Amino acid sequence: MTVSRDFLDSVLAGHEPTDEEALALSNNDDLSSLMNVAAQLRDRGHGKLISYSRKVFIPLTKLCRDSCHYCTFASPPGRMTSAYLSPEQVLEIARAGVRAECKEALFTLGDKPELRYRAARAALERLGYATTHQYLAAMAKLVHEETGLLPHLNPGVMSADEIQSLRSVAVSLGIMLETAADRLSLKGGPHFGSPDKQPAVRLRSIRDAGVANVPFTSGLLIGIGESRRERIEALLALRALHDEHGHIQEIIIQNFKPKPGTRMAHVPEPDRSEHLWTIAVARIVFGPTMNIQAPPNLSSGPLVGLIAAGINDWGGVSPVTPDHVNPEAPWPEIEALATRTAEAGKLLVERLAIYPSYIHAADRWLDPSLRGPVLRACDSEGFARTDTWTSGSSLASPLRFPVASYDVRCNNPLEDILRRAAAGVGIGEADVTTLFAARGDDFSRVCEAADTLRQTVCGDRVTYTVNRNINYTNICYF
């Protein structure tokens with residue numbers, strides 16, 4: 001069945017699909033049209049930028065009270081030399097991340113293992129804590145204070161009080177909804193025996209995070225037995241919470257990968273077309289500005305296809321630690337990721353563990369103790385600062401002026417601004433903002449246009465004056 005052209009046109013005109021319209025997409029197989037609309041929406045909200053977070057992965061504990069049938073992250077106590085990483089081990093991993101210029105410390109762990117394992121309770125007691133969440137909060141604070149890394153925490157299901165306590169030590173939290181289908185928790189389903197994977201339980205945590213004003217990550221795991229309609233139902237459940245609280249900063253569309261040694265080892269992974277279809281539908285459901293992510297190390301085909309389906313983010317990529325949840329899937333080299341992104345006509349840009357729009361409203365979304373560190377770590381647009389240069393410092397400028405393969409014939413709003421500036425026609429505040437935000441080839445094009453304008457106005461003569469600064473006082477009201 002093909003997608004209604006009228007419906008797609010209305011989406012491009014700014015119409016947000018109703019729940020009924022979104023659910024009707026489950027019967028549509030016109031992948032090309034869906035991806036085309038999704039890509040246009042993404043470009044409207046994010047332009048040429050595809051972001052990622054440079055992170056270090058800290059698996060605080062691999063104990064978990066749940067028994068998901070596809071997971072190799074969780075391990076029973078008998079297979080582990082220690083139930084939890086020690087503070088020294090945590091700092092060792094974090095400091096390796098600092099040396100590799102990471103900005104994010106991603107803590108991941110199993111759900112409340114002390115409720116299932118005596119070994120977990122005993123280990124926590126030796127460490128001086130009553131619960132895993134208390135220990136997690138202490139380690140997140142330690143890492144930030146000792147290394148400056150910004151913590152993002154994935155501790156599983158959280159109570160409202162736990163969310164509030166973790167908010168003071170982390171810039172963002174996350175929990176994958178995975179699915180809204182209750183039937184997948186029944187006997188024979190992938191979540192049978194996993195009380196924390198029940199959709200209502202996870203949705204409650206996501207809602208509580210919204211009430212607490214916590215920037216939050218969630219998303220879907222596709223290919224574990226759900227239908228297309230059930231995927232859309234999960235997206236709509238997340239959209240409803242985001243509409244109410246505005247706190248969901250990104251939606252991850254992750255594809256299931258069968259792993260040896262699990263009960264679902266022989267379940268085939270979803271077709272690549274299913275992954276692309278779900279990404280495109282997620283973009284259509286959430287609109288231009290939502291951050292839609294797909295992990296690059298799990299892609300079953302060229303990365304440019306994921307961009308064409310509507311993503312604007314690759315998620316966390318570590319130059320130091322493996323993906324402990326998917327250890328069989330190595331991270332791509334960041335330089336290679338930048339190349340693949342450029343092949344799709346996009347520019348890879350580094351972000352923090354909290355997205356720019358939430359940084360710009362830091363008074364609402366960040367604990368007071370974290371606002372200063374986050375603002376110092378970001379640039380004026382809210383992306384990660386990748387150098388330490390400041391105006392007036394003795395450091396050499398980090399800027400480079402590469403020869404760009406820039407097509408001035410392309411339909412780029414920047415070209416109109418540069419043409420008007422060259423013609424002496426006034427440009428407005430929004431135009432100036434666009435010029436200051438130029439990155440990559442756009443940055444080179446602005447420099448080229450400025451040099452051409454200088455040549456036209458002044459020729460090759462550069463003047464200077466000899467002066468003396470008379471500082472009439474060294475007292476300043478600052």
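Per chain, residue numbering runs from 1 following the sequence as it is written. Whole-chain, interface and lining totals are the exception, using all residues; otherwise, since this is a predicted model, local features are given only for residues with pLDDT of at least 70 and side-chain atom pairs are given and counted only at 80 or more. The basis for the side-chain values is all heavy atoms of the structure; hydrogens and waters are excluded.

### What to know about the overall build of the protein chain
We count it as follows: In DSSP terms, a helix is any run of H or I states spanning at least four residues, a strand is any run of E spanning at least two, and both are numbered starting from the N terminus. C-alpha atoms define the radius of gyration, and 2.2 Å times the number of residues to the power 0.38 defines the globule rule. We call two residues contacting when some pair of their heavy atoms lies within 4.5 Å. For the accessible areas, the method is Shrake-Rupley and the probe is 1.4 Å, while residue cover comes only from the protein chains on display. When charges are counted, Lys and Arg are positive and Asp and Glu negative, with His and the chain ends excluded. For this purpose, a charge sits on NZ of Lys, CZ of Arg, CG of Asp or CD of Glu.
A tally of helices and strands in the protein chain yields 18 helices and 9 strands. Computed over the C-alpha atoms, the radius of gyration of the protein chain is 24 Å, within 12% of the 23 Å expected from 2.2 N^0.38 for a compact globule of 478 residues. Its C-alpha atoms give the protein chain principal-axis dimensions of about 80 × 65 × 35 Å. Counting contacts in the protein chain only where the partners sit at least 6 residues apart, residues at least 24 apart contribute 74% of the total. If you sum the accessible surface of the protein chain, you get close to 23100 Å²; carbon and sulfur atoms cover 53% of it. Across the protein chain, the 50 positively charged side chains and the 56 negatively charged ones have centroids separated by 4 Å.

### Considerations on the nonpolar core
Applied cut-off: Nonpolar cores were defined as sets of buried Ala, Val, Leu, Ile, Met, Phe, Trp, Tyr and Cys residues, with membership established by side-chain atoms within 4.5 Å. Think of it in three bands: residues with accessible area under 20% of the maximum for their type are buried, residues over 50% are exposed, and the middle band is partly exposed, with areas taken using a 1.4 Å probe on protein chains only.
Counting residues in hydrophobic clusters, the biggest one holds 94 residues, and the most contacted among them are Phe107 and Trp314. For this core, the element with the most residues is helix H10 (residues 272-286), which contributes 9 residues. Judged by nonpolar contacts, the second largest core, of 16 residues, contains Leu150, Ile354, Trp365 and Leu366.

### Some points on the pairing of strand E6 (residues 248-255)
Quick reminder of the rule: What makes two strands pair is DSSP finding at least two bridges between them. With the strands pointing away from the viewer, any crossover whose connection runs clockwise from the first strand over the helix to the second is right-handed.
When you tally the buried positions in E6, you get 8 out of 8 residues, the bulk of the element. Across 7 bridges, strand E5 (residues 216-222) lies against E6 in parallel orientation. Across the sheet, Phe216 pairs through a bridge with Ile248, a residue of E6. A crossover links E5 with its parallel partner E6, the connecting element being helix H9 (residues 228-245), and its sense is right-handed.

### Let's talk about the confidence of the model for the protein chain
To keep things clear, this is the line we draw: Confidence scores labelled pLDDT are given residue by residue by the predictor and lie between 0 and 100.
This prediction gives the protein chain a mean pLDDT of 92; 96% of its residues lie at or above 70. This model gives residues 401-410 a pLDDT under 50, and the stretch forms 14 contacts once residues within four places in sequence are excluded.

### A look at the pairing of strand E1 (residues 49-61)
Of all 13 residues in E1, 13 are buried; the element is thus mostly enclosed. Pairing geometry for E1 and strand E9 (residues 347-351), over 5 bridges, is parallel. The residue bridging Leu49 from the neighbouring strand is Leu347, located in E9. Note: E1 against strand E8 (residues 313-317), 3 bridges, orientation parallel. Its bridge partner being in E8, Arg54 is matched across the sheet by Val317. Of the strand pairs in this sheet, E1 and strand E2 (residues 104-109) are connected by 6 bridges, and their pairing is parallel. The residue bridging Ile58 from the neighbouring strand is Phe107, located in E2. In terms of handedness, the path from E1 via helix H4 (residues 87-99) over to E2 forms a crossover that is right-handed.

### Considering helix H7 (residues 160-167)
Under the convention used in this document: The directions from the helix axis to the C-beta atoms are what the arc is built from.
Of the residues making up H7, those classed as buried are Glu162, Ile163, Leu166 and Arg167. Taken around the axis of H7, the buried residues stretch over an arc of 135 degrees, which confines them to a single face. The secondary structure elements touched by the buried residues of H7 are helix H6 (132-147), strand E3 (150-154), strand E4 (172-174), helix H8 (199-211), helix H14 (362-365) and helix H15 (368-377).

### Description of the packing of helix H1 (residues 5-12) against helix H3 (residues 31-46)
Formally: Think of each axis as a best-fit line through the C-alpha atoms, taken over the contacting stretch in the case of a helix, with angles from 0 to 180 degrees between the N-to-C directions. An angle counts as roughly parallel when it lies under 35 degrees, as roughly antiparallel when it exceeds 145, as roughly perpendicular when it falls between 65 and 115, and as oblique in every other case.
For the pair H1 and H3, interaxial distance at closest approach is 10 Å and the crossing angle is 10 degrees. The angle between H1 and H3 places the two elements in the roughly parallel class. Between H1 and H3, the contacting residues are Arg5, Leu8, Val11 and Leu12 on the first element and Ser33, Val37, Gln40, Leu41 and Arg44 on the second.

### What about the pattern of salt bridges?
Rules: Between Lys or Arg on one side and Asp or Glu on the other, a salt bridge is scored when a side-chain nitrogen of the former is within 4 Å of a carboxyl oxygen of the latter.
By the definition in use, this model includes 32 salt bridges. The residue Arg229 makes a salt bridge to Glu233 at a minimum N-O spacing of 3.5 Å. With Arg229 and Glu233 both in helix H9, this residue pair falls 4 residues apart, about one helical turn. Exposure remark for Glu233: the relative accessible area of 32% places this residue in the partly exposed category. Asp431 serves as the salt-bridge partner of Arg420, at 3.1 Å between the closest nitrogen and oxygen. Residue Arg420 is found in helix H16 (residues 413-422), and its partner Asp431 is found in helix H17 (residues 429-436); the two are separated by 11 residues along the sequence. Here Asp431 falls in the buried class, since its relative accessible area comes to 15%. When salt bridges that share partners are traced, they join Asp29, Glu226, Arg228, Arg231 and Glu274 into one network.

### Re the environment of Glu88
With respect to the element layout, Glu88 can be found in helix H4. Along the backbone, Glu88 and Pro373 are 285 residues apart, and their C-alpha atoms lie at a distance of 23 Å.

### Thoughts on the side chain of His69
Defined as follows: Under this definition, polar contacts are N or O atom pairs within 3.5 Å; protein pairs additionally need one hydrogen-donor-capable and one acceptor-capable atom, and for neighbouring residues in sequence, both atoms have to be side-chain atoms.
Note on placement: His69 falls in the loop between E1 and H4. A polar side-chain atom of His69 sits 3.2 Å from the main-chain carbonyl oxygen of Gly189. If sequence neighbours within four positions are ignored, His69 has contacts with Gly189, Pro190, Phe192, Thr262, Arg263 and Met264.

### So, the packing of H16 against H17
Filter applied, for reference: Left-handed describes a crossing whose near helix is turned anticlockwise from the far helix by less than a right angle; the clockwise case is right-handed. Under the grouping applied here, Gly and all other residues not named as nonpolar or charged are polar, the nonpolar ones being Ala, Val, Leu, Ile, Met, Phe, Trp, Tyr, Cys and Pro and the charged ones Asp, Glu, Lys and Arg.
One way to put it is that H16 packs onto H17 with a least axis distance of 10 Å and a crossing angle of 115 degrees. Here the hand of the crossing between H16 and H17 comes out left-handed. Here Leu414, Ile417, Leu418 and Arg420 of H16 come into contact with H17, specifically with Asp431, Thr434 and Leu435. Class assignment of the residues belonging to the contact of H16 with H17 gives a composition of 4 nonpolar, 1 polar and 2 charged.

### Things to note about unusual backbone geometry
Negative phi is the rule for most residues except glycine; trans is the rule for most peptide bonds. Not every positive phi belongs to a glycine, and Glu178 is a case in point at roughly 70 degrees. Within the secondary structure, Glu178 sits in the loop between E4 and H8. With a relative accessible area of 10%, Glu178 lands in the buried category. A positive phi angle, close to 55 degrees, is found at Asn213, a residue other than glycine. Note on placement: Asn213 falls in the loop between H8 and E5. Taking the relative accessible area as the measure of exposure, Asn213 reaches 23% and is therefore partly exposed.

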